[in-house]
Amino acid sequence: MVTRFAPSPTGRLHVGHGWSALLAMDLARARGGSFRLRIEDIDGTRSRPEHVAGIIEDLRWLGIAWDGDIVFQSARLDHYQSALERLKAMGLLYPCFCTRADIAASATAPHGPEGPVYPGTCRGLNDAHRASRIAAGHPHAWRIDMARAVARAGPLQWHALPFPPNDDVATAVPAGPLAAGDVVLARKDAPASYHLSCTLDDAAMGVTHILRGEDLRPATDIHRLIQALLDLPSPLYVHHPLLVGPDGRRLAKRDGSIGLADLRAEGMDPQRLADDLRHARFPIGISLGSA
Ligand code: GLU
């Protein structure tokens, strides 16, 4: 068994992240498996190097120990690029020149599980038009033609274990990536989006069990599709409920001292905190949201 924790260095970790990392580590340890750490640091606009150091410090403080070297996505750009080339050669990607404002202005399409569904403006551009805009240096992302990709892959399922994870038989869940529309696989500022890099890395790291928050359930549908298109193995998935603050909303820094670094500064004993989290006892005001 191989599990992992894969934070994005866009800020320090809060109690919910610590809980998720502990669950993933314990799951592997209970079965003699390994637990890996991956830093998802390719979001050029939001990732900060100082948060990488902070995250590592937060995890160590809480007693999280990972196996092997930390994987940094910023060191794996070549792998993402070759997967993109494969998908392009399969005719499943198209360049998208839209700005956020263009999309907001034309978004009459419904909201999907991943936010507004891209209205498909650039899907129908002809090849000559695309080539000339790329040659002229117009910034572009690469989107997947979801309908075409789904038609190519055929019906897909992913396999879920219940939360808390136990030895139950996995349940097959039909994957429905169509609802998310033509999501971005390569951003304007990075050769991969979260969906592509995460799926490729989990396969490259031999991850067998992905434990992550409920909020990423729709992403799992997309990741399953990418696995099928690129002949990657599909791990088992455990989606855990999210922690909510006193206002019933998802945990975020606005709730006050819930950052691991804040708790540390307040003199909290990390072993005690880890023990509490393992028993789903959360700091005051924080509770398990309904899944
Ligand atoms: N980097 C993602 C995040 O921090 C997590 C990805 C994952 O667990 O798949 O939300």
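Computed from a predicted structure; not experimentally measured. (Residues numbered from 1 in each chain as written. Predicted model: local features only at pLDDT ≥ 70, side-chain atom pairs only at ≥ 80, totals over all residues. Heavy atoms only, no water.)

## A closer look at helix 2 (residues 49-61)
Stated precisely, the cut-off is as follows: Helix numbers and strand numbers start at the N terminus; a helix is a DSSP run of H or I with at least 4 residues, a strand a run of E with at least 2. By this rule, a helix spans an expected 1.5 Å times one less than how many residues it contains. In this analysis, two residues are considered to be in contact whenever any of their non-hydrogen atoms come within 4.5 Å of each other.
Spanning 13 residues, helix 2 covers 19 Å between terminal C-alpha atoms, matching the ideal 18 Å at 1.5 Å per step. Residues of helix 2 that are buried in the fold lie against strand 1 (2-5), helix 1 (15-30), strand 2 (34-39), strand 3 (71-72), helix 9 (260-265) and helix 10 (270-278). One or two positions beyond helix 2, positive phi appears at glycine 63, with a value near 90 degrees.

## Some points on unusual backbone geometry
Note the cis peptide between phenylalanine 163 and proline 164, where omega equals -5 degrees. Of note, proline 164 is situated in the loop between strand 8 (157-160) and strand 9 (171-174). Positive phi values are uncommon outside glycine, yet aspartate 231 reaches one of about 55 degrees. Note on placement: aspartate 231 falls in the loop between helix 8 (217-229) and strand 12 (236-240). Even without glycine at this site, alanine 280 takes up a positive phi of about 55 degrees. Note that alanine 280 resides in the loop between helix 10 and strand 14 (287-288).

## Here's the deal with the sheet that holds strand 12
Stated precisely, the cut-off is as follows: Note on pairing: two strands pair once DSSP finds at least 2 bridges between them. For helices, the fitted line uses only the C-alpha atoms of the stretch in contact; every axis is such a line through C-alpha atoms, and the angle between N-to-C directions lies from 0 to 180 degrees.
Read across the sheet, four strands follow the order 9-8-12-11 without closing on themselves; strand pairing throughout is mixed. Strands with a single pairing partner mark the edges of an open sheet, and in this sheet they are strand 9 and strand 11 (209-213). Averaged over all pairs of adjacent strands, the angle between strand axes in this sheet comes to 40 degrees, irrespective of strand direction. As defined by bridge partners, strand 11 adjoins strand 12 across five bridges and the pair is classed as parallel. In the sheet register, leucine 211 faces strand 12, and the bridge partner there is valine 238.

## Some words on the pairing of strand 11
How we decide: The classification of residues rests on relative accessible area computed with a 1.4 Å probe and restricted to protein chains. Under 20% of the type maximum is buried, over 50% is exposed, and intermediate values are partly exposed. If the strands point away from the viewer and the path from the first strand over the helix to the second runs clockwise, then the crossover is right-handed.
Counting buried residues in strand 11 gives five out of five residues, a clear majority hidden from the surface. As for the winding sense of the linkage, the β-α-β connection from strand 11 through helix 8 to strand 12 is right-handed.

## Quick notes on the packing of helix 1 against helix 10
How we decide: An angle counts as roughly parallel when it lies under 35 degrees, as roughly antiparallel when it exceeds 145, as roughly perpendicular when it falls between 65 and 115, and as oblique in every other case. In this classification, Asp, Glu, Lys and Arg are treated as charged, Ala, Val, Leu, Ile, Met, Phe, Trp, Tyr, Cys and Pro as nonpolar, and every other residue, Gly included, as polar.
Interaxial distance between helix 1 and helix 10 falls to 10 Å at its minimum, and their mutual angle equals 75 degrees. The angle between helix 1 and helix 10 falls in the class roughly perpendicular. Here Val15, Gly18, Trp19, Leu22, Met25 and Asp26 of helix 1 lie close against helix 10, whose contacting residues are Ala274, Leu277 and Arg278. Considering only residue class, the contact of helix 1 with helix 10 consists of six nonpolar, one polar and two charged.

## As for the site of the ligand
Put simply, the rule reads: It suffices for a single heavy atom of a residue to lie within 4 Å of a molecule or strand for the residue to be listed as near it. Distance and chemistry together define a polar contact, namely a pair of N or O atoms within 3.5 Å, with one atom able to donate a hydrogen and the other to accept it when in protein, and with adjacent residues in sequence counting only for side-chain atoms on both sides. Residue-level accessible areas treat just the shown protein chains as cover; the underlying method is Shrake-Rupley with a 1.4 Å probe.
Every residue near the ligand is listed here: Arg4, Ala6, Ser8, Glu40, Tyr194, Cys198, Arg212 and Leu216. Within the side chain of arginine 4, an N or O atom sits 2.7 Å from an oxygen atom of the ligand. Taking serine 8, its side chain carries an N or O atom lying 2.8 Å from a nitrogen atom of the ligand. Protein contact buries 76% of the 300 Å² of open area that the ligand shows by itself. Class assignment for the residues of the shell around the ligand results in four nonpolar, one polar and three charged.

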